[in-house]
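Topology and contacts: notes
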Amino acid sequence: MSNFGKGTICVQGGWTPKPGEPRVLPIFQSTTYKYEDIEQVERLFALEEVGFKYTRTGNPTVAAFEQKITALEGGVGAVALASGQAANLLAITNLCNGGDHIVSASTIYGGTYTLFATKLRKLGIDVTFVDPEAPEEVLQKAFRPSTKALFGETIGNPGLNVLDFAKFKSLARRFDVPFIVDNTLATPYLCTPLQLGADIVTHSATKYIDGHATSLGGVVVDGGSYDWANGKFPEFTEPDPTYAGVRYVQAFERAAFVAKARAQFLRDFGACLSPFNAFMFNLGLETLHLRMPQHGRNALALARFLSKHPKVSWVVYPGLESSPQYARVRNYFSKPEGSGILTFGLQGDLQATRRFVKSLRVAALVVHVGDARTCVLHPASSTHAQLTPEQQRSAGITPDMIRVSTGIEDAEDILEDFDQALRHADA
Ligand SMILES: *Cc1c(COP(=O)(O)O)cnc(C)c1O
């Protein structure tokens, strides 16, 4: 499958039925699997045989979704999770123990920022947040001997800065740490971070992968590129006493990260994806290659319209030719359209912003991005409300910021809706 184009993988990847089997991926709504004999179960629990044991650590519907995402991202394997939050938690805790340290871009999704800043520290994993636009010499100072990962988002949410992959790759290689990228807002249709130097990719599948705002989930893709046997990650090379002494690098070679993640994280923390949600994500992925260009076209049309509007004081959209991020969009993305997310601010006070949002008819105020329906959000009072003003600034949030996620409706109707709502912002 991975030799096919992205559109073909979107439609047919993951599930390859044999003659007589359902053409459409079935929902295997089963917690359990039947075996020949005790010896087979013994081999499964010693990780000597690949197979399903219990749906917490694997399920055929979930596996088909994992394989489709693996093919789209160009990895060696993937683990699906109950949410994007669980995906980022797995990506870090599969590598780090108490006493370890990670370096992360500060311009990341609010939920990930809070996870890193509070819960990881509670586990004894220290985090240094850095401005991803700082020069490489400055960023080098954040690394310590205990640093075990470098983390960033392809498109920061909601600052919309496109990651400088060349600089981050260079830092990760210099300090020999795995480079983890949250690719949620770009999707594998627009950007494949594994080809740009990332070792591990994470997603909130809740957004564009689902695409219809029906299901919560996440996924972590293993690029198979990092050398876990370099002495920094003994858990990958020492025997795991909880799985008959398996050594992950020796047993699973390039897929050691994903094997360990499934064996340990899913078994112990249990944040697994339900088969039903995997079915929904697979269905969503079947149209990802059709939806993303329309999201991008609508976002670009709206960004151009807002840039010229007298009541709008600023617009950020990486796909605008005038954007300082545009060169990176051209360099790193498969298509010149960016993603469907843009931000802007209105002239006037917060009351004008409130009136504008209340007047929208096509777009709705919801806590979401990546839906087929256009939506808006005011980050300073919602997703990022619990951050201090200083943390908000470093995450790229201003008090007047409105975040828009353009849907796949007709562009004219979205533009007209914003136009009429802008007229109501004054009154
Ligand atoms: C939404 C989001 C998450 C968290 O995902 P959930 O599925 O809501 O848990 C993580 N990263 C990014 C970039 C997101 O947009």
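Rules behind the numbers
- Counting starts from 1 at the beginning of each chain's written sequence and moves along it residue by residue.
- Residue-level local features of this predicted model are given only where pLDDT is at least 70; pairs of side-chain atoms are given and counted only at 80 or more, and the full residue set underlies all totals for whole chains, interfaces and linings.
- As a convention, hydrogens and water are excluded, and side-chain values are obtained from all of the structure's heavy atoms.
- The rule for a residue being near a molecule or strand is that one of its heavy atoms must lie within 4 Å of it.
- Nitrogen and oxygen atoms within 3.5 Å of one another constitute a polar contact, given that in protein one can donate a hydrogen and the other can accept it, and given that sequence-neighbouring residues count only through two side-chain atoms.
- In short, Shrake-Rupley with a 1.4 Å probe defines the accessible areas, and a residue's cover is counted only from the protein chains shown.
- Numbering of helices and strands runs from the N terminus; a helix is a DSSP stretch of H or I covering at least four residues, while a strand is a stretch of E covering at least two.
- Throughout, the ten residues Ala, Val, Leu, Ile, Met, Phe, Trp, Tyr, Cys and Pro are labelled nonpolar, Asp, Glu, Lys and Arg are labelled charged, and all others, Gly among them, are labelled polar.
- DSSP calls a pair of strands paired once it identifies at least 2 bridges connecting them.
- For every element, the axis is a line fit to its C-alpha atoms; helices are fit only across the contacting stretch, and the angle between N-to-C directions ranges from 0 to 180 degrees.
- Only protein chains enter the area calculation, which uses a 1.4 Å probe; residues under 20% of their type maximum are buried, those over 50% are exposed, and those in between are partly exposed.
- Read the arc as the range of directions from the helix axis to the C-beta atoms.
- The contact definition used throughout considers only heavy atoms, calling two residues in contact when any of these lie within 4.5 Å.
- For Phe, Tyr and Trp, rings pair up if their centres lie within 6.5 Å, where Trp contributes its six-membered ring, and each pair is then called stacked (planes under 30 degrees apart), edge-to-face (over 60) or tilted (otherwise).
- We call a charge positioned above a ring when the Lys NZ or Arg CZ atom is no farther than 6 Å from the ring centre and deviates by at most 35 degrees from the ring normal.
- A domain assignment, automatic or from a database, supplies the domain bounds used here.
- As a working definition, buried area equals the accessible area (1.4 Å probe) given up by two parts on being put together, with both sides summed.
- By convention in these notes, a salt bridge is any Lys or Arg side-chain nitrogen within 4 Å of a carboxyl oxygen on Asp or Glu.

Turning to the site of the ligand, a few remarks are in order. Residues in close proximity to the ligand total 15 residues, the closest being Gly84, Asp182, Ser204, Thr206 and Lys207. Asn157 has a polar side-chain atom sitting 3.1 Å from an oxygen atom of the ligand. Within the side chain of Asp182, a nitrogen or oxygen atom sits 2.7 Å from a nitrogen atom of the ligand. The fraction of the free accessible surface of the ligand (380 Å²) that becomes covered by protein chains is 94%. When residues of the shell around the ligand are assigned to their parent elements, the largest contribution, 3 residues, is made by helix α4 (residues 84–93). Per-class residue counts for the shell around the ligand are 2 nonpolar, 10 polar and 3 charged.

Across the sheet, which stays open at both edges, the 7 strands sit in the order β1-β7-β6-β5-β4-β2-β3 with mixed pairing between neighbours. Either end of the sheet is taken by a strand with one partner, and the two such strands are β1 (77–81) and β3 (126–130). Between one strand axis and the next, the sheet turns by 20° as a mean value, whatever way the strands run. By the bridge criterion, 4 bridges tie strand β4 (residues 147–153) to strand β5 (residues 179–182) in an arrangement that is parallel. Residue pairing across strands places Phe151 opposite Ile180, the latter belonging to β5.

Here the focus is helix α7 (residues 165–174). For α7, the full list of buried residues reads Phe165, Lys167, Phe168, Leu171 and Ala172. Here the buried residues of α7 occupy an arc of 165° about the axis, which is enough to place them on one side. Those residues of α7 hidden inside the fold are in contact with β2 (101–105), α6 (136–140), β4, β5 and α14 (326–332). A positive backbone phi angle near 50° is found at Asp176, which sits one or two residues after α7.

In an α-helix there are 3.6 residues to a turn, and that puts residues three or four apart on one side. The buried count for helix α12 (residues 275–285) comes to 9 of 11 residues, which makes it a mostly enclosed element. Turning to α12, its buried residues are Pro275, Asn277, Ala278, Phe279, Met280, Phe281, Asn282, Gly284 and Leu285. Residues of α12 that are buried in the fold lie against α1 (6–12), α3 (60–73) and α13 (288–308).

Enumeration over the complete set of coordinates arrives at 21 aromatic pairs. Clustering of aromatic rings is evident, with ring pairs tying together Tyr226, Trp228, Phe233, Phe236 and Phe257. Of note, Lys207 hangs over the ring of Tyr109, and the distance from its end group to the ring centre comes to 4.9 Å. Sitting over the ring of Phe236, Lys260 keeps its end group 4.9 Å from the ring centre.

Another point: the domain arrangement of the protein chain. Domain assignment breaks the protein chain into domain 1 (6–285) and domain 2 (289–424). A separation of 29 Å is found between the C-alpha centroids of domain 1 and domain 2. Every contact between the two is made by 40 residues of domain 1 and, on the other side, 39 residues of domain 2. When the two sides are added together, the surface that domain 1 and domain 2 hide from each other amounts to roughly 3100 Å², 62% of it contributed by carbon and sulfur. Among the residues domain 1 hides against domain 2, the three largest losses belong to Tyr189, Leu190 and Tyr208. Together they make up 25% of the total. There are 2 salt bridges connecting domain 1 and domain 2. One salt bridge connects Arg328 with Asp164, and the closest N-O pair in it is separated by 3.8 Å.

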